[in-house]
Amino acid sequence: MITALNIAAAILTIGFGLFGFLAPAWTATSLDLAPTTSNMGLSEMRASVGGLFVVTGVAVLWLNNPMAYGMLGVVYAGAALGRFVSVVLDNPPLAKALTFGGIELVLALWLILANINKSA
């Protein structure tokens, strides 16, 4: 069960990343980000929202180690922390921010609690 949920979380991570990697304009619009006078924003979407998540998910699947899955959880914990700090400080659209933050928090809790300090 743990293995199946770990793999599902890694595949979900790759899926999230593919949106940013292959459809950065759509992803930016979904995140309420607006273009400026250059395409640097699209580059940032492909890099930080796309490629980073795709490669991290692939690496976790390749390593197939509880600590790798746990570290993916730490990545999601950082994302959730940033999201919830933003809710307090930035006043983003609450439903959208809480939805994304909730998904990140659930993934973080699962991946950390199920995998940290487990042997390979």
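First things first, this report covers the structure right here in the doc. Quick caveat, the model's predicted, so the values are computed rather than measured.

Helix and strand counts for the chain stand at five helices and zero strands. When the helices and strands of the chain are listed from N to C terminus, the series reads α-α-α-α-α. On C-alpha atoms alone, the chain measures out to a radius of gyration of 15 Å, which is about the 14 Å that the 2.2 N^0.38 rule sets for 120 residues. For the chain, the spread of C-alpha atoms along the principal axes amounts to about 50 × 30 × 15 Å. Evaluated residue by residue, the chain yields a buried proportion of 28% over its 120 residues.

Quick look at helix α4 (residues 66-90) now. Counted at 1.5 Å a residue, the expected span for α4 with its 25 residues is 36 Å, and the 35 Å between its end C-alpha atoms agrees. By the burial criterion, the buried members of α4 are Pro 66, Ala 68, Tyr 69, Gly 70, Leu 72, Gly 73, Tyr 76, Ala 80 and Ser 86. Where the residues of α4 are buried, they touch α1 (2-22), α3 (40-63) and α5 (94-115). The backbone nitrogen of Met 67 has a side-chain oxygen 2.7 Å away, supplied by the residue at the start of α4, namely Asn 65. Of the residues one or two after α4, Asn 91 is the one with positive phi, at around 55°.

Calculation rules
Residues numbered from 1 in each chain as written. Predicted model: local features only at pLDDT ≥ 70, side-chain atom pairs only at ≥ 80, totals over all residues. Heavy atoms only, no water. Helix = DSSP H or I, 4+ residues; strand = E, 2+ residues; numbered from the N terminus. Rg over C-alpha atoms; globule rule 2.2 N^0.38 Å. Buried < 20%, exposed > 50% of the residue type's maximum accessible area, 1.4 Å probe, protein only. Expected span 1.5 Å × (residues − 1). Contact = heavy atoms within 4.5 Å. Polar contact = N/O pair within 3.5 Å; in protein donor to acceptor, adjacent residues only side chain to side chain.

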